[in-house]
Amino acid sequence: MKNNLILATTISTLFAITTMNAQKKTYLDKTKPIEERIDLLMKQMTLDEKVGQMNQYNGFWEVTGPAPKGGDAETKYEHLRKGWVGSMLSVRGAKNVKAVQKIAVEETRLGIPLIIGFDVIHGYKTLSPIPLAEAASWDLEAIKKSAQVAADEASAAGINWTFGPMVDVARDARWGRVMEGSGEDPFLGSKIAVARINGFQGEKVEDLLNVNTIAACAKHFAAYGFAEAGKEYNTVDISNSTLYNVVLPPFKAANDAGVRTYMNSFNILNGVPATGSSFLQRDILKEKWKFNGFVVSDWASVREMVNHGFAKDAADATAKAVIAGSDMDMEAHYYVAELVNLVKSGKVKESLIDDAVHRILRVKFELGLFDDPYKYCNEAREKAVIGSKTNNNVVLDMAKKSIVLLKNENNLLPLKKSGQKIALIGALANDKNSPLGSWRIASDDNTAVSVLEGMQQYKDNQLTFEKGTDVTIGKTTFVDELVFNTTDKSGFEAAKNIAKGADVVVMVLGEHGFQTGEGRSRTDLNLPGNQQELLEEIYKINPNIVLVLNNGRPLSIPWASEKIPAIVEAWQLGTQTGNAVAQVLYGDYNPSGKLPMSFPRNVGQCPIYYNNYNTGRPVNSDKNVFWSHYTDVEKTPLFPFGFGLSYTTFDYKNLKLNKVTFVKGETIEVSVEVTNSGNYDGKEVVQLYLHDVAASLARPVKELKGFELVKLKKGETKTITLTLTDKELGFFDNDGNYLVESGTFKIMVGGSSDRGLESSFELK
Ligand code: BGC
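Nothing here was measured: the structure is a model prediction, and the numbers come from that model. (Residues numbered from 1 in each chain as written. Predicted model: local features only at pLDDT ≥ 70, side-chain atom pairs only at ≥ 80, totals over all residues. Heavy atoms only, no water.)

With that settled, the discussion passes to the site of the ligand. All residues adjacent to the ligand are Leu89, Asp119, Phe163, Arg177, Lys219, His220, Met263, Phe266, Asp298, Trp299, Met330 and Glu518. Between arginine 177 and the ligand, the recorded distance is 2.7 Å, taken from a side-chain N or O atom to an oxygen atom. Between lysine 219 and the ligand, the recorded distance is 2.8 Å, taken from a side-chain N or O atom to an oxygen atom. About the coverage of the ligand: the protein hides 92% of its 300 Å² of free accessible area. Of the residues that constitute the shell around the ligand, the class distribution is 6 nonpolar, 1 polar and 5 charged. (Near = heavy atom within 4 Å. Polar contact = N/O pair within 3.5 Å; in protein donor to acceptor, adjacent residues only side chain to side chain. Areas by Shrake-Rupley, 256 points an atom, 1.4 Å probe, with all protein chains shown as cover. Nonpolar A, V, L, I, M, F, W, Y, C, P; charged D, E, K, R; others polar.)

The following block contains the structure:
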């Protein structure tokens, strides 16, 4: 009897194992459609395992050694082995990723591979310019290539998911994260979002199966860029019109381009934390836009809903986040602790868990992780790809294209290549760290080519260098507040000495690399520390100055813009910074960048942006104070959106429309002749702005609705045709409905948002 029982138990266990293996095999069957494979797998998953897929942990570093002992890491390790972790972030390196992946695949019951996320924001190790700088290129092909390089290197280091692109429209230079986005314009921002997504993921979902592509993440959904007063993590309180017409378009473009994930945001939007917003995540993203990938929370944003006063405790925050459509919990550790009980007690429907898990598994299948969980863990490939010459060439090209020439009086630039005495001044000129920007976790410190090194390659000039003044004092790190040098001016004299006898002084001034980015809001947009004083002192001695700006946000530099004859906006250009700057200064590359964000005259103008609404009193018609202006400074920006010079000049003429009256649905063709009228071959960004003169909701004074980057040899003329369709003519009402209304539209075509040829047409 006993023997029979044992036999029966053994047979049933064997049967269970065989059945499970058979089931396992079926979902691993590559020939089956992904949706079927997901269903087959989900049928076998327990509630704990499903919730595990929704849990994301930050990496721990003991993975390649023995199991970690104690604390957070030990818990994470245990959870990983139980199948309670669906994703990890910031584990990197083929060997490390393989170690964690091995635990997930070989030690858990179902062997579901992890998706490995990382902030590959402007490159992995070989860094491109910061995203705001790349946006200044208006060169979508170059931006796509730059993202391809980032994906190439990250995927070789075990990563298969980047937390990029950041597509937050931002109008306030005080906010430190403006460096991470594409600036103030939703149209340009949408185009760039698509370019970056195509660069990371490829053009179609099947491209994710390639070993050098990674899933992208449009973040931060939504409206994080509108933090009040530019203060990090601050309240966002905006109109529906701004939400639908300014904030959401780049996110929508990302969805149309097939972005596989979204990240929600830290902020509340009109009273509701984005992480707990069904309106954003369910109604708009998943229902209206039919997004079928998954949403990850921002770091601990599920937990932060308690601080916002929107949830009373961990369980409440978890329920609210899941019900609102936040599929994966990044580092709050709340889902893993609370969600199973919430489902068991009926507070959260299991169907919501199923939906979230389905989405997460879908992306894992699309990446090919079930077919080859170690596909990104090839150490030989890692060695060959990271830091390759080809990748360095791509980021160099991107860096040159990102530079914006803001001023060039008397053709001080380009510099002569020989016979000149050049004094190079400024601590940032000899800085190999700051140009890497603040999102550069996987890059090694001090690996940028400095401006000094770049300029030293032009050997036929006599180059001397003095730092003049340090920007910061003490050790600088990614997490700590910087301390600025406002006292030590001991280097001024030496700098003045080299300026004295120089033909030209090149001064590299601006922000420290860790002065922009997350947690780095400012209320002062001037040159930090002693740099303004140094600039003025040197100017007294030798005014023949080329000011090269290094910064991650628009700066207010009214004194410099008036006095200094040449100003080059060189942002933080990444690994190849010095080479790019030198090639532009010496004329081996003719700059063509245009500002993606307005530069204010002073911080009091912020937020300042070109596509503002008109006021009832826009001009000073009565010659008194009662018009929309400031009493102490002009109301225009110092440098407007879309502005940027070249070593050559461009003339615009013959702006034409193919008709003067159109009916809705027709394509409007706008053509213009552009001539390179100067002495260098060059590139120009031809920009088309539109204004809907009278509409059912007030429309901005102008909005970018088309652009083309045009190459013109000196003396050459080209006719550029830009088209407008209903997609560009309409706007969203306060309920999110898209309207195209009849009436008069004005257009302006030119090389900047503040000037151009004008015309108009009627829409019937
Ligand atoms: C940032 C995100 C980032 C995440 C993971 C958060 O603090 O807001 O943009 O992707 O950390 O590093």
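Next comes the rest of the write-up.
For the rest of this paragraph, the subject is the sheet that holds strand β16 (residues 566-569). By way of backbone hydrogen bonds, the strands of a sheet pair with one another, either parallel or antiparallel. Sheet architecture is open: 6 strands sit in the order β11-β16-β15-β14-β12-β13, paired in mixed fashion. On the outer flanks of this sheet lie β11 (404-408) and β13 (462-466), each paired with one strand and no other. Strand-to-strand twist of the sheet, defined as the mean angle between neighbouring strand axes without regard to direction, takes the value 15°. Direction of pairing for strand β14 (residues 504-510) relative to strand β15 (residues 545-550): parallel, over a ladder of 6 bridges. Bridge pairing links methionine 507 to leucine 547 in β15. Across the sheet, helix α18 (residues 492-500) lies against β12 (421-425), β13 and β14, angled at about 160° from β12, the strand it touches most. Here helix α19 (residues 531-541) sits on the sheet in contact with β12, β14 and β15, set at roughly 170° to β14. (Pairing = 2+ DSSP bridges. Helix = DSSP H or I, 4+ residues; strand = E, 2+ residues; numbered from the N terminus. Axes fitted to C-alpha atoms, helices over the stretch in contact; angles between N-to-C directions. Contact = heavy atoms within 4.5 Å.)

Another point: the packing of aromatic side chains. Summed over all chains, the structure comprises 30 aromatic pairs. One Lys or Arg, lysine 320, reaches over the ring of phenylalanine 310 and ends 5.3 Å from the middle of that ring. (Phe/Tyr/Trp six-rings, centres within 6.5 Å; stacked < 30°, edge-to-face > 60°. Lys NZ or Arg CZ within 6 Å of the ring centre and 35° of its normal.)

With that settled, consider the sheet that holds strand β26 (residues 755-763). Strand order in the open sheet made by the 5 strands is β18-β26-β25-β20-β21, with mixed pairing throughout. The open sheet is flanked by β18 (661-662) and β21 (703-712), the only strands paired with a single partner. In terms of strand pairing, strand β20 (residues 682-692) meets β21 through 9 bridges, oriented antiparallel. Residue glycine 682 lies in a different strand from β21, and its bridge partner there is leucine 712.

Before going further, it helps to spend a moment on the pairing of β11. By the criterion of burial, β11 is predominantly enclosed, with 5 of the 5 residues buried. Here β11 runs beside β16; their pairing, made up of 4 bridges, is antiparallel. Opposite lysine 407, over in β16, you have isoleucine 567 as the bridge partner. (Buried < 20%, exposed > 50% of the residue type's maximum accessible area, 1.4 Å probe, protein only.)

Looking at the element boundaries, threonine 649 is found in the loop between α21 (577-585) and β17 (650-657). Looking at threonine 649, the relative accessible area reads 41%, which means it is partly exposed. Along the primary structure threonine 649 and alanine 142 are separated by 507 residues, whereas in three dimensions their C-alpha atoms are 23 Å apart. For threonine 649, the residues in contact, after removing those within four places along its chain, are Thr675, Asn676, Ser677 and Gly678. Among the polar contacts listed, one links the side chain of threonine 649 to the backbone nitrogen of glycine 678, at a separation of 3.3 Å.

Looking now at the nonpolar core. Counting 78 residues, the largest nonpolar core has Leu415, Met455, Val506, Met507, Val546, Trp571 and Leu585 as the members making the most contacts within it. Among the elements that line this core, the one with the most residues is β14, at 6 residues. Apart from the residues within four sequence positions on either side, leucine 585 is in contact with Leu413, Pro414, Leu415, Met455, Val506, Val546, Val548, Val568 and Tyr647. Residues Leu243, Val246, Trp289 and Ile386 belong to the second largest nonpolar core, which totals 62 residues. (Core = buried A, V, L, I, M, F, W, Y, C linked by side-chain atoms within 4.5 Å.)

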